[in-house]
Amino acid sequence: MNDKYREDLMAALDVVPSGSSIAVGGFGSSGRPDALLNALCDLDKRDLHVIVNNVGDDYTGIGRLVVEGRVRRFTGSFPILQSFYDDYFAGRIELELIPQGTLAERMRAGGAGIAAFFTPSAAGTMLTDGTFPLTYADGHAAQYLSPKETREFNGRAHVLEHGIAADFGLVKAQQGDRLGNLRFRLSARNFNPLAAMSGRTTFAEVEQLVEVDEIGPDDVHLPGVFVRHVVMTAAPVPAGPEYTASLKGSV
Amino acid sequence: MTATETLAPHLVGRTRDEMAQRVAADLSDGFTVNLGVGIPLAVPKFLPDGIEVFLHAENGVLGFGDHPGDGNEDPDLTDAGKRPVSLISGGAIVDSALSFAIIRGGHLDATILGALQVAENGDLANWYVPGRNPAVGGAMDLVAGTREVWVCMEHVDRKGDPKIIPACTFPLTGHAVVTRVYTDLAVFHFRDGGLVLTECAPGITPDDVRARTSAAYTEDLE
């Protein structure tokens, strides 16, 4: 059996080089792979391009990566965290803002061998006409998101969006087995199957490691063919404002 | 007459709950709808007897219900605003790609959302005020994919300026997507691409509405 379970999460994840693109599951803290995200920080990975729906509203998960200055570029729909915007307007982070449904489909397409697709979402808006600032410098927009190719179908404008095949995928599931078969729980599923498909090499952290066949074939939400490594999740690391204050004090 | 001259007297139309109640009265049994943040979230508590709707949340929940009660919150079951919810009988969970296939594919009956501005051609601006922090979420997919896009908002902004205007000045969420507008003062429908005033709130006259609306529209009061 190709046993994908890795007892040493840190050793397994250390193959991720700084500078990588990483698709991440989760919607806020729901279904977010915190053990893997914390390990990226503890392994001092930097210059990352994260493809994830939200940053979250605190300093856990993606928020920790941001506040520690490890994110070069964010591709997603809903950053929200003030520290993220501070970095964006200060020119320290690139914001590729795209509609949430476009993000989900781009991840799916990237993992499904679909190079690009046309969607009506955001057609004729500043997210697709080349006027949305990708980066800032000296308080002004420095670079803009590229204008997207537009084509009419059935009388409606659509824009061309490219699939995202990320270097790595980081996801969380409630159950997983040693073959990487995953089962999610309720709305913690969200972007996880898509981030797993998008990643060329995907890590899944699971709450429960179950025996092969314990998840029946009809109940597998994502088959192990999309998963390279399975690790156990950890209790969430509290990283609230106190953590950030201590971090800023130490820099 | 300019909008500034109409600042006083302040009109008392529908309250936020009464606006939600007015929208709820237009929902049909069996509708699947998506609710944006703000006033739309209050719509479910005013559904008429015998009307059951399925509430869709962008994060992949079909058929969510009320807050489960203190102590029963489940971090794995939230709506798109990350509030704890319950599931009603017949509810289902999907991933984000399928959730937006439901949206983009036209499988929702209506999406009810707030707005910064609505233009007289149905253009909608509701995601971004330039200079503030940008975030878009699923708004552009919702208005692109849903046949019935109902805006539920205050008739004028905090300065008293109209929000139903000739052309949006804020960045657009979608072109000619709005089909109805429910405000504290009135109800409008878009018919054949034109804006039509169909109803004034109790105690509000067509002249009151006209004085606080800069968009061109016709009247077809019921």
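Our subject in this report is the structure included herewith. (Residues numbered from 1 in each chain as written. Chains lettered and ligands numbered in written order. Predicted model: local features only at pLDDT ≥ 70, side-chain atom pairs only at ≥ 80, totals over all residues.)

**Comments concerning the overall build of chain B**
Then comes step 1: Tallying secondary structure elements over chain B gives four helices and 13 strands in all.
Then comes step 2: Computed over C-alpha atoms, the radius of gyration of chain B comes to 18 Å, within 12% of the 17 Å expected from 2.2 N^0.38 for 222 residues, which places it in the range of a compact globule.
Then comes step 3: When the backbone C-alpha atoms are referred to their principal axes, chain B occupies close to 55 × 35 × 35 Å.
Then comes step 4: Looking at chain B as a whole, 46% of its 222 residues qualify as buried. (Helix = DSSP H or I, 4+ residues; strand = E, 2+ residues; numbered from the N terminus. Rg over C-alpha atoms; globule rule 2.2 N^0.38 Å. Buried ≥ 20, exposed ≤ 12 C-beta atoms within 10 Å, placed from the backbone.)

**Concerning the interface of chain B and chain A**
Then comes step 1: Each partner contributes residues to the interface: chain B has 30 residues there, and chain A has 32 residues.
Then comes step 2: A total of five residues in the side of chain B that touches chain A trace back to one element, the largest contributor, which is helix H2 (residues 96–104) of chain B.
Then comes step 3: Broken down by class, the residue content of the side of chain B that touches chain A amounts to 14 nonpolar, nine polar and seven charged. (Contact = placed C-beta atoms within 7 Å. Nonpolar A, V, L, I, M, F, W, Y, C, P; charged D, E, K, R; others polar.)

**As for unusual backbone geometry**
Then comes step 1: Even without being a glycine, A:Leu186 presents a positive backbone phi close to 50°.
Then comes step 2: Relative to the assigned elements, A:Leu186 resides in the loop between strand E11 (182–183) and helix H6 (192–198).
Then comes step 3: Under the C-beta neighbour-count criterion, A:Leu186 is labelled buried, with 21 such atoms within 10 Å.
Then comes step 4: You will see that B:Asp192, though not glycine, has its phi angle at about 50°, which is positive.
Then comes step 5: Looking at the secondary structure, you find B:Asp192 in the loop between strand E11 (186–191) and strand E12 (194–200).
Then comes step 6: Since 5 C-beta atoms lie within 10 Å of it, B:Asp192 is described here as exposed.

**Quick notes on the sheet that holds strand E7 (residues 124–125) of chain B**
Residue and element names in this part refer to chain B.
Then comes step 1: Across the sheet, three strands lie side by side as E7-E6-E9; this open sheet has mixed pairing. Two strands lie at the open edges of the sheet, namely E7 and strand E9 (164–165), each paired on one side alone.
Then comes step 2: With two bridges connecting them, strand E6 (residues 117–119) and E7 associate as antiparallel partners. For Val118, the partnering residue across the bridge sits in E7 and is Leu124. (Pairing = 2+ DSSP bridges.)

**Digging into helix H4 (residues 82–89) of chain A**
Residue and element names in this part refer to chain A.
Then comes step 1: Listing the buried residues of H4 in full gives Phe84, Asp87 and Tyr88. End-on view of H4: buried residues confined to an arc of 100°, all on one side of the axis.
Then comes step 2: In the core, the buried residues of H4 are packed alongside helix H3 (62–67), strand E4 (94–97) and strand E6 (133–137).
Then comes step 3: Positive phi shows up at Gly91, right after H4, with a value of about 80°. (Arc of directions from axis to C-beta.)

**Things to note about the sheet that holds strand E5 (residues 116–119) of chain A**
Residues and elements named next belong to chain A.
Then comes step 1: Pairing in this open sheet of three strands is antiparallel, and the strands run E5-E9-E8 from one edge to the other. Every interior strand has two partners, whereas the edge strands, E5 and strand E8 (150–153), have only one. Strand-to-strand twist of the sheet, defined as the mean angle between neighbouring strand axes without regard to direction, takes the value 40°.
Then comes step 2: Relative to strand E9 (residues 156–162), E8 runs antiparallel, the two being bridged by four bridges. (Axes fitted to C-alpha atoms, helices over the stretch in contact; angles between N-to-C directions.)

**Structural notes on the pairing of strand E12 (residues 199–209) of chain A**
Residue and element names in this part refer to chain A.
Then comes step 1: In terms of strand pairing, strand E10 (residues 166–176) meets E12 through nine bridges, oriented parallel. Across the sheet, the residue bridging to Lys172 is Glu205, located in E12.
Then comes step 2: As paired elements, E12 and strand E13 (residues 229–232) share four bridges and run parallel to each other. Among the inter-strand pairings, Glu205 is bridged to a residue of E13, identified as Val231.

**Quick notes on the packing of helix H5 (residues 100–112) of chain A against H2(B)**
Then comes step 1: Two elements in contact, H5(A) and H2(B), have axes separated by 9 Å at closest approach and are oriented at 125°. Comparing their axes, H2(B) and H5(A) come out oblique. In this structure, H5(A) crosses over H2(B), and the sense of that crossing is left-handed. Where H5(A) approaches H2(B), its residues A:Gln100, A:Gly101, A:Ala104, A:Glu105 and A:Arg108 are matched on the opposing element by B:Ser96, B:Ala97, B:Phe100, B:Ile103 and B:Arg104. (Parallel < 35°, antiparallel > 145°, perpendicular 65-115°, else oblique. Left-handed = near helix turned anticlockwise from the far one by under 90°.)

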